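Spelled out, the chains give:
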Amino acid sequence: MSRPVVSYSDGHVYAFDPDMTPIHTAADGESLTVKTADSLEGAVQTESDLLEEIPEEVNAATGPIAVEGAEPGDVLAVEIEAVRLREDQGRVVTAPGFGLLQNHEEIEHPSTRITPVGDRHILFGDIRLPVEPVIGTIGVATAKETIATLIPHDHGGNLDTTDMTAGTTAYFPVFQEGAMLAMGDAKATMADGEMCGTGAEIGVEIDLTVSVVTDSPVDLRRPLVQTGEAVKTIASAETLEAACKQATEDLSRLLAQEHEMSLTDAYMLSSLTGGLQISQVVDPLVTVRCGVPGEHLPNPLKA
């Protein structure tokens, strides 16, 4: 049975908000393919194409996709089965006023490097890097605010998290009827931190299955990923410290639920295994994740 295909050309958004209109409605448990454009929507094709500023509309997210039966208080599970590149090259850019070293006098802003795609690798000059596709922006309709696709928050959005890839199941709190899933801003490869402000930006197609988790014993308030090897909470905040605190508290609450222990004991357990990772430090809010090996949280959203 063929999968429905939802494409960037069918519809895309530049913000997540409470009143999103779906371009496709998926059944609970349905498998589909989502096609995305690169985050700059084809504006950069050669190394002479320079990004003089970050566009007002950036990180186009294909969607929204409504999921039947999803209601506020539920959790949307997104099983990411495959992420395939749709282009024969990616692009890495710097832009004025953007990136971790945006004010460094020896680093050019703007600058562009094209990264040709080979057989399971990309080229940065003559350096070969493995293709490890990442979905940079993925999320659902927000509870109250309108939040641009450049910004990460509790609904997801521009999480720029390397675990958001094939083999991962991502969980999002549902704030609006239908959840309203959208995604884009993929990279052929990207390091934790995304320090210059981009990965190897590229269009992709994503095979995924969506399902609704009802009556979860955990009050999930922010995104969560289950990679097969680990379970990781994801939090975004104005400072790295604040994001670390939130992700750690979220993980501790999951551990307390799973092992029927106090939050104090769960907090101490979190300090013994897994740990904190930086997702990105260049967006309007920074994003971190806190994880433990999957054996300690085999069923994080089940009683």
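A brief report on the enclosed structure follows. (Residues numbered from 1 in each chain as written. Predicted model: local features only at pLDDT ≥ 70, side-chain atom pairs only at ≥ 80, totals over all residues. Heavy atoms only, no water.)

A closer look at the packing of aromatic side chains
Considering all chains together, one arrives at 0 aromatic pairs under this definition. Here the guanidinium or amino end of Arg113 rests over the ring plane of Phe124, the centre of that ring lying 4.5 Å away. (Phe/Tyr/Trp six-rings, centres within 6.5 Å; stacked < 30°, edge-to-face > 60°. Lys NZ or Arg CZ within 6 Å of the ring centre and 35° of its normal.)

Re the pairing of strand β22 (residues 286-293)
With 7 of 8 residues buried, β22 is to be regarded as a mostly interior element. Two elements, strand β20 (residues 230-237) and β22, share 8 bridges in a ladder whose sense is antiparallel. Opposite Ile234, over in β22, you have Arg289 as the bridge partner. Note: strand β21 (residues 275-280) against β22, 5 bridges, orientation antiparallel. Of the residues in β22, the one forming a bridge with Gln277 is Arg289. Hairpin connection between β21 and β22: a loop of 5 residues separates the two successive antiparallel strands. (Buried < 20%, exposed > 50% of the residue type's maximum accessible area, 1.4 Å probe, protein only. Helix = DSSP H or I, 4+ residues; strand = E, 2+ residues; numbered from the N terminus. Pairing = 2+ DSSP bridges.)

Looking at the nonpolar core
Counting residues in each nonpolar core, the largest one holds 35 residues, and the members touching the most others are Leu76, Met164, Leu181 and Val210. Taken together, the elements giving at least two residues each to this core come down to β5 (31-35), β6 (61-67), β7 (75-85), β12 (134-139), β16 (169-173), β17 (181-187) and β18 (204-213). If one sorts the elements of this core by residue count, β18 sits on top with 5 residues. Setting aside anything within four residues of it in sequence, one finds Val210 in contact with Ala26, Ala27, Asp28, Gly29, Glu30, Leu32, Val67, Leu76, Ala77, Val78 and Leu181. If you look at the next biggest cluster of nonpolar residues, it comprises 24 residues, including Val75, Leu220, Leu255 and Leu297. (Core = buried A, V, L, I, M, F, W, Y, C linked by side-chain atoms within 4.5 Å. Contact = heavy atoms within 4.5 Å.)

A closer look at the sheet that holds β20
If you trace the 9 strands from one edge of the open sheet to the other, you get β1-β5-β18-β7-β16-β19-β20-β22-β21, paired in mixed fashion. Every other strand in the sheet has two partners, leaving β1 (5-7) and β21 as the edge strands with one partner each. Ignoring strand direction, the axes of neighbouring strands in this sheet form an average angle of 25°. (Axes fitted to C-alpha atoms, helices over the stretch in contact; angles between N-to-C directions.)

Examining the pattern of salt bridges
In total, this model carries 18 salt bridges according to the counting rule given. Close ionic contact of Arg289 with Asp192 constitutes a salt bridge, the shortest N to O distance being 3.0 Å. Residue Arg289 is found in strand β22, and its partner Asp192 is found in the loop between β17 and β18; the two are separated by 97 residues along the sequence. Of the charged contacts in the structure, one is a salt bridge between Glu241 and Lys245, with a shortest N-O distance of 3.5 Å. Highlighted residues: Glu241 and Lys245, both in helix α1 (residues 240-259), separated by 4 residues, approximately one helical turn. For Glu241, a relative accessible area of 54% gives the class exposed. For Lys245, a relative accessible area of 55% corresponds to the exposed category. Three or more residues are tied together by salt bridges with common partners; here these are Asp160, Asp185, Lys187, Glu194 and Glu201. (Salt bridge = Lys/Arg side-chain N within 4 Å of Asp/Glu carboxyl O.)

Brief notes about the environment of Ala66
Along the chain, the position of Ala66 falls in strand β6. Between the alpha carbons of Ala66 and Glu177 there is a distance of 8.0 Å; along the sequence they are 111 residues apart. Filtering out sequence-adjacent residues up to four positions away, Ala66 remains in contact with Pro22, His24, Thr25, Ala26, Gly178 and Met180.

Notes on the environment of Glu258
Within the secondary structure layout, Glu258 lies in helix α1. A relative accessible area of 27% means that Glu258 is categorised as partly exposed. Dropping the residues within four chain positions of it, Glu258 is found in contact with His296, Leu297, Pro298 and Asn299.

What about a nonpolar patch on the surface?
Where nonpolar side chains cluster on the molecular surface, the patch consists of Leu100, Leu101, Ile107 and Met195 and spans about 350 Å² of accessible area. The residue Ile107 is located in the loop between β8 (89-94) and β9 (111-116) in this model. Residue classification places Ile107 among the partly exposed residues on the basis of a relative accessible area of 32%. (Patch = residues over 30% accessible without salt bridge, like charges linked within 9 Å, V, L, I, M, F, W, Y side chains within 5 Å. Areas by Shrake-Rupley, 256 points an atom, 1.4 Å probe, with all protein chains shown as cover.)

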